[in-house]
Each structure stands twice: as structure tokens, then as C-alpha cells.
Amino acid sequence: LAPGKVQHKKRLLSCNANGKLEEWSLDVSESGAKPKLTRVHNVQKMITKALRVSTNVALIAADWAVDQKDDVTITVLAESEGQGSFHRLQRTHEEDALRLVASSVPPAGALPVLFSNTRLHVNGDDTFVVAADGSAVVFSGFDFSNVLLQMDATNNEPVFDAYSVHPGEWSVLMKSSGIASFNPHMKASGRQTTPRRSVTMTRSAARAMDSPSANKVDDSNATECVRTLFEEYYAGHGGPPGHAKSQLRASGAFVSDSAPFAMMSKGLVDALPKKLSGKSTRGGPPIEEHISEKLNRHLLFLEFLTESGIWNEIEADERAEMLAHGEMIAALAQLRSLQTTSEDGASTMLEEMAAKAGASIKSEDIALDERSDIEVCYSRASEARQLLPAVAQVLNERISKRNATLEDRSLVLDTCARGLLIALEAAGDFRRRRTGLYPPSSSGSEVNWTCEPEAREALRALAHAAIELRAEAISSKHAGMAPVLGSRLLAVAAPLLDACAANLNVAIPASTDRVEAHEEYVADRENILPVLLECAQHSATVPRDQRPQHGSLSEGVDVSVESVAAVAESHFGYEELFTVCDGPGGIARLHHYMRTLLGAQEDGEMSFSYFVYNKLTLENVRDASLLRDIPVEFHGDLERFLEGNPRLRWLMELRVGKYLKASETLVDIGNRSGASEDERRRALSIAKLSALAAGCGEQRIDEIDRALMN
């Protein structure tokens, strides 16, 4: 109902599925006059034309606004072939004509699944759609171009109805919360549950925080509810199935701005020991025991969330943050174990890394001033990423010391690599064991902390040091150290290139970040893979008795051709793969790579087959190999590649039996400017033979003969 021109008049809009909009004038005075039909508009043809469809459209819902001039603006939700669309129509006062002024098809997934049974509410530029199952969506803009809010009934409290109180402000009736008011134009600020770490909020997180329920949450109550329920579970006093979920939903924990689940997780892994530990302890637990206790408690917290059916109700960003906490404390536990079991020199270096990381953490929190740097590093697990620059710092400081022998510097590299790799491997093992808990990654999301710039820089520093020390070993009298340093390079190569690839994959395609990530990826693989292949070829020439015979440098395995091929296959190392295959018995392997390595077109990475074609084409002595050894399955691909290379294309055309095309190609070669007389006659002679083989008529043969006589 809309107000009429006088107080006792009301107007009613009737939206019919068959495409008609009817305006009724109602007399609501006490006399009870019969309603009067004043306008009828058939808008189906207008909408069909706007959508450029031939099928009929059905009108699903409509709402209207009547301004002070009695002009009418009508918004319609229509359906055609299962797809929803919005249309805005206008009619000025005293005119029967209705004009279509805007049409829009919302992006896939924007409308509720059951949009064919919905109600529509319009106020100003806002259009509120409420579906029968309780899902809702708010569009903004005269052309419906902006989606302000989406609430899926399967993940949010169902919405029964909505009403606009003021422009931009809505009241909604919800299943459990009753009536709530909110403004979808007011964006909540991003939360930050890990100190000094920015959190990029996804659309789903923004939607949850913009929902009407979120504005009614007491964050402290939500946090306390999470803590209390976990403590009950930890003590073995958990309630019946669904008890925890219902209490958490009532407290607003699932939509709280404070991210109470991540806060609880962070509190568990960041807990400091009750008393100072170390040689001058006053009864505090050893660091390794404290880490183990916190790790077990955090795992129990994840168990509580999954067994109670809570896990999938939590926002994806918050789940990822809790899992990152688990990865970090697992990494610290393994690093501490390595430190306590290593020899004195290595243990001292690992302790120095922890001390530098702890000092960095303490510089941001004065409450930690009374604690030792090492204790802070192993206690504040959510800041484990501070270890990454500490590794590079210790490496650079110790490896650049004057008068340090090659063996001493190699030991520094070995210890730093062991410390970093064992921590990253522990984080990776935590991830592999709980793959099902992780939300799916996508372009634009954040990369895992083990692949962040700090991790890549630390791994890159280790790789650079290994390359430099190996080159020094080969050029000096310490050739026996080269295989050892090569094995250390191989150990850091795969994690570094994997981290670069992960960083590339989360960058939005065609963005500046994507281009920069790809350049970084290419630079690292071009720096590392050729050296690894050299290591594989050189290691076999170094006798065992020339290598280190004791200590950590005597451990490890030589770099093999197979290990290099495995890394190269994963990271577009086509040059190295071609070298591996370019030998006796390598043809079958080459063809396997040509079938399976398809490149990455979005990043300009060609397929391996095109790399092979380029490689063999550039080396003229390999032309015969290119045409002779390539299996039939690649002929079509090779023909497309040779389109711009007539010198080889005619040979390929002859091989596949396309004699007429070969004849035409050869005539073009013979007639091109700059060709010598011998080249011209040879090309035209073969063109004639090709034409005869193709069964061409006398006219074609005569044309080639005349060209030969000129």
C-alpha cells in the first residue's frame, strides 16, 4: 500500500506472474467505497527486450515508491530461464505510459537460491530481497550494481521480513533475535587478533560482520562463553550434542567482531609459564615441557570445536588463524627439540636465533621486559614468524666473520638450514594431518605464514649462501665440500620455490602483485635450478675420502639427477628437464613431460612441448630430430607451432601427407625475396613433386614449371 493524494485514499500495486502490473486506487474512508482500478501496464515485452531473450519472463515480486509529485517508481524482480533480473520503471503523474529506466542481471550467487518465492522492499537506492527460506540480500544503486549484504539461511539466522525505517536504515524480523535494526552501508572495521599483523577480511567475513545480529553482540560475553564451554569440555563436563553450539549462537560468538575463537586459540599458545625458567629458575617448568603442554591444550581446543559441530560455523579467516597458531607452536616445539639435542656449537647458534626473535617480540610489548628473550620466543607462539628474519640475521652475521674457514661457514649454513627447515616441516606436517579443517584457498586470499615474504627471504638467504660457498669450494682446494653444500642447496630449493609458487597462486590474475610474484618466482628458479643440475653432475666425480668424515657436514645425500628433475618438473624447469632427457634412453621421458607439463597461460608459462619445439628449431642440427622423433599425437600441435616457420613447415606437411599444402609452402619459399638461385630451384622442384603427389592438375604443374624457367 502507498498513500494516495488525499488522506482517505490508498494505492495498491498488484504484480502478476503473466507480466502485468496493476495500480489500484482504494477508498479507505468509513463509507467503504469499492476499490477502483486506475492503471494497467503490461511490462513483459519491455523486460524481454531489455534482457534480449525470446522466452517469456515471469514477474516474481515488485515494490514501488510514490513521491510528493505523485510520480511512481516501480522495482520488479523477474525470472527467465531460471535466471533472476531487476528492472526499474517510472511513470510520471497523470501519464499512462510506463518507461523502463534500468535493468540488471545480478552476478551468479547474488540472489537467494529460492528467489522465485520472495518479497521485495525498496527504499531510495536500496533493494531488500527476502526469500521464503529466510535468506536475504540487499542491493544498492539505481542500477542494482552493488551487493551490500548477503545472508544465506543455512549459515545465518533466517530473516522473516524487512522494513525501511529511514533511507539506508532497515529493521528486520529474524527467527531467534526478533527485531533488529541495522545500516548495511556502515562497514565494520577489520579485526586484528594477532598483534601487529594486518588481517584482510574476505567478503564472507564482511557479510557476517555487517549482518543485523552482529550489531547486537556483547563481545566480552561471547569471549567468556567460548572460554567457559572449552573449560567445561577440558574438565570432562561437556553438555549434550548441540548444547555448545546453541549457547555460542545465543552469545553472538559466530558474528562477534572480537573473533572470540581465534582469541581463545591465541591465548592458549601464547600463555607464559607461571614462573621464570632457566638455570636460575624458581620452580618453573622447562621450556620444552611448557611448549608440549600448550600444544596438547590447543589440539584439544580444536577437537572441542570439531566434535561439538562448531568448526564450520566459524568464519573461514578465523579458522585459518587458529590453525596457523597450531602450526606455529608445532614449529617451535620441533625447533626447541633440535636445540636441546644438538652439539654445543649448533645449539648456541639455534639459541641465538631464538634470542633475536624473542628480543624482537619484546620490543613491541613492555609487559615482557622481565622475561628472557629465549623464553619469550618459545612462549609467544603466535609470533613464531619472528624467527624467520632471525635465521637470516644469524646466518649473515656469522658467515661474514673475518678469518672464518670454509668449513666453519658451511657449519653455520648447515645449522641455520636445519633450524629453519625443521620448523617449516613441523608446520607442514601439522597442516597435512588436518587438511580437512582448512578452508579452501583462492586468489586474493592471504598466503600461509610459512610462505610469507619473511620465510622466502630466509630461504633465499640460505640458498644464496649455499651457491656462493659451493662455488668457493670448487675453485679452491676444498672440492670435497661441494657435494655437501649442493645437498644443502637442494634442501632449501624445494621449500623456497614452493613458497614462491604459493605466493603467486594467491595473487589476483593480471594484477601488479601477480606480475611481481611471477618475476620473483622466475628469478629464484633461474638462479637455483641450473646450479642444482651442476651439483648432480659434479657430485659423482668427488671421491668419498675427500669429503667431511665427521660431524653434521658428513650427513646428507648427494644431489641426484632424479632429485633435480623432481624439483624442475614442479616449477617449470624446462631447460633442466630437457638436459636430463637429452641423452640415451631419454626420448620416452621427454614425451611424457610434453604430455603432462601444460604450462600456465595466465602467467605466460609456455607448455613443455612448445619449449621443446623452440629448442630444436633454434638448433638447426636438431631439425631432423624435431620432425622424426615427435610422436603422431603431437603433430597437430607442432603444425600450429610451425605456422611462422615455413623452412620447417613444408617438411612437417609432407610427413603428415598434406602434399598440396607442402607444395604451396615451397612455392612461397622459392618466390620469396632474398632466396639464392639454388634455394629457389630446389624449393620449386620439391613443390612440383609435392603437387604431383597431391594429384594436382596440369595447370598447377605448368605454373610451377614457368616459375622454374624464369
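Look up: the structure comes first, before these words.
Cut-off values and rules
- All residue numbers here refer to positions counted from 1 along the written sequence of the relevant chain.
- Confidence filtering applies because this is a predicted model: local features only for residues at pLDDT of at least 70, side-chain atom pairs given and counted only at 80 or more, and all residues used for totals across whole chains, interfaces and linings.
- As a rule here, side-chain values cover all heavy atoms of the structure and leave hydrogens and water aside.
- A run of H or I in DSSP counts as a helix once it spans at least four residues, and a run of E counts as a strand once it spans at least two, with each numbered from the N terminus.
- Per-residue accessibility, obtained with a 1.4 Å probe over protein chains only, is compared with the maximum for each type, and a residue is labelled buried under 20%, exposed over 50%, and partly exposed between these values.
- All accessible areas in this document rest on Shrake-Rupley with a 1.4 Å probe, and a residue is counted as covered only by the protein chains that are shown.
- Strand pairing is defined by DSSP finding a minimum of two bridges between the two strands.
- Axis angles are defined between N-to-C directions and span 0 to 180 degrees, where every axis is a line fitted to C-alpha atoms and, for a helix, only to the segment in contact.
- By convention a nonpolar core is built from buried Ala, Val, Leu, Ile, Met, Phe, Trp, Tyr and Cys residues, the set being connected through side-chain atoms within 4.5 Å.
- The contact definition used throughout considers only heavy atoms, calling two residues in contact when any of these lie within 4.5 Å.
- Think of it this way: a Phe, Tyr or Trp ring, Trp meaning its six-membered ring, pairs with another when their centres are within 6.5 Å, and the plane angle makes it stacked under 30 degrees, edge-to-face over 60, tilted otherwise.
- The term salt bridge refers to a side-chain nitrogen of Lys or Arg lying within 4 Å of a carboxyl oxygen of Asp or Glu.
- Only residues whose relative accessible area exceeds 30% and that form no salt bridge enter a patch; like-charged residues are grouped when within 9 Å of one another, and nonpolar side chains (Val, Leu, Ile, Met, Phe, Trp, Tyr) when within 5 Å.
- Angular relationships are summarised with four words: roughly parallel below 35 degrees, roughly antiparallel beyond 145, roughly perpendicular across 65 to 115, and oblique for the angles in between.
- Take the far helix as the reference: if the near one is turned anticlockwise from it by less than a right angle, the crossing is left-handed, and if turned clockwise, right-handed.
- Three classes are used: nonpolar for Ala, Val, Leu, Ile, Met, Phe, Trp, Tyr, Cys and Pro, charged for Asp, Glu, Lys and Arg, and polar for all others, with Gly counted as polar.
- Any pair of N or O atoms that falls within 3.5 Å is considered a polar contact. Within protein, one atom must be able to donate a hydrogen and the other to accept it, and sequence-neighbouring residues count only if both atoms are side-chain atoms.

Enquirer: What's the story with the overall build of the protein in this structure? I'm lost.
Expert: When its secondary structure is counted, the protein shows 24 helices and 15 strands. The proportion of buried residues among the 710 residues of the protein is 48%. Working note: accessible area of the protein is about 35200 Å², and carbon and sulfur atoms make up 51% of it.

Enquirer: Just to check I follow, could you spell out the sheet that holds strand 13 (residues 159-166) for this structure?
Expert: Backbone-to-backbone hydrogen bonds join strands into a sheet, with any given pair of strands oriented parallel or antiparallel. Pairing is antiparallel in the open sheet, where three strands are placed in the order 13-14-15. Single-partner strands in this sheet number two, and they are strand 13 and strand 15 (178-182). Along the sheet, successive strands turn relative to each other by an average axial angle of 20°, direction set aside. Summarising the sheet, strand 14 (residues 169-174) and strand 15 pair through five bridges and their orientation is antiparallel. Paired with Val172 across the strands is Ala180, a residue of strand 15.

Enquirer: Got a minute to help me understand the nonpolar core in this structure?
Expert: Side chains of nonpolar character tend, in soluble globular proteins, to be buried together. Within the largest apolar cluster, 77 residues are counted, with the highest numbers of intra-cluster contacts made by Leu395, Leu489 and Leu532. Each residue touching Leu489, except ones within four places of it in the same chain, is listed here: Ala463, Ala466, Ile467, Ile528, Val531 and Leu532. The next biggest cluster of nonpolar side chains, apart from the first, holds 27 residues, and it includes Leu229, Met264, Ile314 and Phe430.

Enquirer: What should I look at first to understand the packing of aromatic side chains in this one?
Expert: Given two aromatic rings, one states the distance between the centres and the angle between the planes to describe the pair. This model, assessed by the stated rule, comprises 16 aromatic pairs. Between Phe230 and Tyr234, the ring centres sit 6.0 Å apart and the planes meet at 45°, which makes this aromatic pair tilted. Of this pair, Phe230 and Tyr234 are both found in helix 3 (residues 219-234), four residues apart, which corresponds to roughly one turn of the helix. A ring pair is formed by Phe230 and Phe304, whose centres lie 5.9 Å apart and whose planes are at 50°; its orientation type is tilted. You can see Phe230 sitting in helix 3 and its partner Phe304 sitting in helix 6 (residues 287-307), a full 74 residues away along the chain. We classify Phe304 as buried; its relative accessible area is 3%.

Enquirer: Before we go on, may I ask you to explain the pattern of salt bridges in this structure?
Expert: Side chains carrying opposite charge are able to pair once their charged atoms draw close together. Evaluation of the coordinates by the stated rule reveals 32 salt bridges. Linking Arg398 and Glu352 is a salt bridge whose minimum nitrogen-to-oxygen distance equals 3.0 Å. Pair noted here: Arg398 is in helix 10 (residues 387-399) and Glu352 is in helix 8 (residues 344-362), with a separation of 46 residues, a long-range link. The shortest N-O distance in the salt bridge between Lys615 and Glu575 comes to 2.6 Å.

Enquirer: What should I look at first to understand a nonpolar patch on the surface in this one?
Expert: A cluster of nonpolar side chains, contributed by Phe160, Leu173 and Ile179, occupies part of the molecular surface with about 300 Å² of accessible area. Tracing the backbone shows Leu173 in strand 14.

Enquirer: I tried to follow the packing of helix 15 (residues 561-570) against helix 16 (residues 574-581) on my own but got confused; where do I start?
Expert: Two measures define how a pair of helices packs: the angle their axes make with one another and the distance between the axes. Where helix 15 contacts helix 16, the axes come no closer than 9 Å and their chain directions differ by 140°. Relative to helix 16, the element helix 15 is oriented oblique. The hand of the helix 15/helix 16 crossing is left-handed. In contact with Val561, Ala565, Ala568 and Glu569 of helix 15, helix 16 contributes Glu576, Leu577 and Val580. By residue class, the composition of the contact of helix 15 with helix 16 is five nonpolar, no polar and two charged.

Enquirer: Help me understand the sheet that holds strand 8 (residues 99-104), please; the structure alone is not making it clear to me.
Expert: Taken in spatial order, the four strands make up an open sheet running 5-6-7-8, and their pairing is antiparallel. Bordering the open sheet on either side are strand 5 (58-66) and strand 8, each of which pairs with just one other strand. Looking at each pair of strands side by side, their axes are set apart by 20° on average, direction ignored.

Enquirer: Is there a simple way to explain the pairing of strand 6 (residues 72-80) in this structure?
Expert: For a regular strand, the rule is simple: side chains alternate between the two faces of the sheet. Counting buried residues in strand 6 gives seven out of nine residues, a clear majority hidden from the surface. Judged from the eight bridges that link them, strand 5 and strand 6 form a sheet pairing that is antiparallel. Bridge pairing in strand 6 places Ala65 opposite Thr73. If you look at the hairpin formed by strand 5 and strand 6, you'll find five residues sitting between the two strands, and Asp70 has a positive phi there, around 70°. With nine bridges connecting them, strand 6 and strand 7 (residues 83-91) associate as antiparallel partners. Of the residues in strand 7, the one forming a bridge with Thr75 is Arg88. What sits between strand 6 and strand 7 in their antiparallel hairpin is a turn of two residues, with Glu81 showing a positive phi close to 55°.

Enquirer: Could you clarify how one ought to interpret the side chain of Lys362 in this entry?
Expert: Looking at where Lys362 falls in the secondary structure, it is placed in helix 8. On the basis of relative accessible area, Lys362 is assigned to the buried category, the value being 15%. A polar contact is formed between the side chain of Lys362 and the backbone oxygen of Arg371, at a distance of 2.8 Å. Here Lys362 is in contact with Leu368, Asp369, Arg371, Ser372, Asp373 and Val376, once residues within four sequence places are set aside.

Enquirer: Just to check I follow, could you spell out unusual backbone geometry for this structure?
Expert: The phi torsion of most residues other than glycine is negative, and most of the peptide bonds are trans. Phi at Ala259 is positive, roughly 50°, even though this residue is not glycine. As for its placement among the helices and strands, Ala259 is situated in the loop between helix 4 (243-251) and helix 5 (260-270). One non-glycine residue with positive phi stands out, namely Ala510, at about 70°. Turning to its location among the elements, Ala510 is positioned in the loop between helix 13 (482-506) and helix 14 (512-539). With relative accessibility at 78%, the residue Ala510 sits in the exposed group.

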